[in-house]
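Survey of secondary and tertiary structure
Chain by chain, the residues:
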Amino acid sequence: RKLPPGFRSVSLLKRPVRRGDESAVHAVFSDGLANVSVFIETTGSQAGVMQSGPANMGSTGIYRRVVGDRVVTVLGEVPVLALQRIAEGVERRPK
């Protein structure tokens, strides 16, 4: 919903993350130079300890946000403000 200028969706799929029926949604967005991955999964047993906010792993930025019983993790080699904008644009759709 709130993509940085120039970014567009390039893929969307479900990936298994744990034993059982658990799966995560994995979306990839690109501006032609940089790619940003968005993972949406259940918080599971870590719901009370999951922290939102920015982090870095080398040149890859990470931004995590808890939305209800889901955690949204956005990562890519872009400025952290771009990651935050994408993460904060993720909303839970009513069923």
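Below is a short write-up of the structure. (Residues numbered from 1 in each chain as written. Predicted model: local features only at pLDDT ≥ 70, side-chain atom pairs only at ≥ 80, totals over all residues. Heavy atoms only, no water.)

**Regarding the overall build of the protein**
Looking only at helices and strands, the protein features one helix and six strands. Tracing the protein from N to C terminus, the helices and strands come up as β-β-β-β-β-β-α. Scored against the burial criterion, the 95 residues of the protein give a buried share of 34%. (Helix = DSSP H or I, 4+ residues; strand = E, 2+ residues; numbered from the N terminus. Buried < 20%, exposed > 50% of the residue type's maximum accessible area, 1.4 Å probe, protein only.)

**Focus: the environment of His 26**
Inspection of the secondary structure puts His 26 in strand β2 (residues 23-30). His 26 gets classed as buried once you look at its relative accessible area, which sits at 9%. For the pair His 26 and Leu 13, spaced 13 residues apart in sequence, the C-alpha separation works out to 5.4 Å. Ignoring sequence-local partners within four residues, the contact set of His 26 consists of Ser 11, Leu 12, Leu 13, Arg 15, Ser 37, Val 38 and Phe 39. (Contact = heavy atoms within 4.5 Å.)

**Section: the nonpolar core**
One finds Val 36, Val 38, Val 72, Val 74, Val 78 and Leu 83 to be the most contacted residues of the largest nonpolar core, which totals 16 residues. Secondary-structure elements contributing two or more residues to this core are β2, β3 (35-42), β5 (60-67), β6 (70-76) and α1 (80-88). Counting residues per element, this core draws most heavily on α1, at four residues. Residue contacts for Val 38: discarding those within four places in its chain leaves Val 25, His 26, Ala 27, Phe 29, Val 72, Thr 73, Val 74 and Ile 86. (Core = buried A, V, L, I, M, F, W, Y, C linked by side-chain atoms within 4.5 Å.)

**Considering α1**
Within α1 the residues assigned to the buried category are Ala 82, Leu 83, Ile 86 and Ala 87. What you see down the axis of α1 is that its buried residues fit within an arc of 135°, all on one side. Considering only its buried residues, α1 is in contact with β3, β5 and β6. (Arc of directions from axis to C-beta.)

**A closer look at the environment of Thr 43**
With respect to the helices and strands, Thr 43 occurs in the loop between β3 and β4 (53-57). Residue class for Thr 43 comes out buried when judged on its relative accessible area of 7%. Considering only alpha carbons, one finds Thr 43 and Val 66, 23 residues apart in sequence, at a separation of 8.0 Å. When residues no more than four places from it in sequence are discounted, the contact partners of Thr 43 are Val 66, Asp 69, Arg 70 and Val 71.

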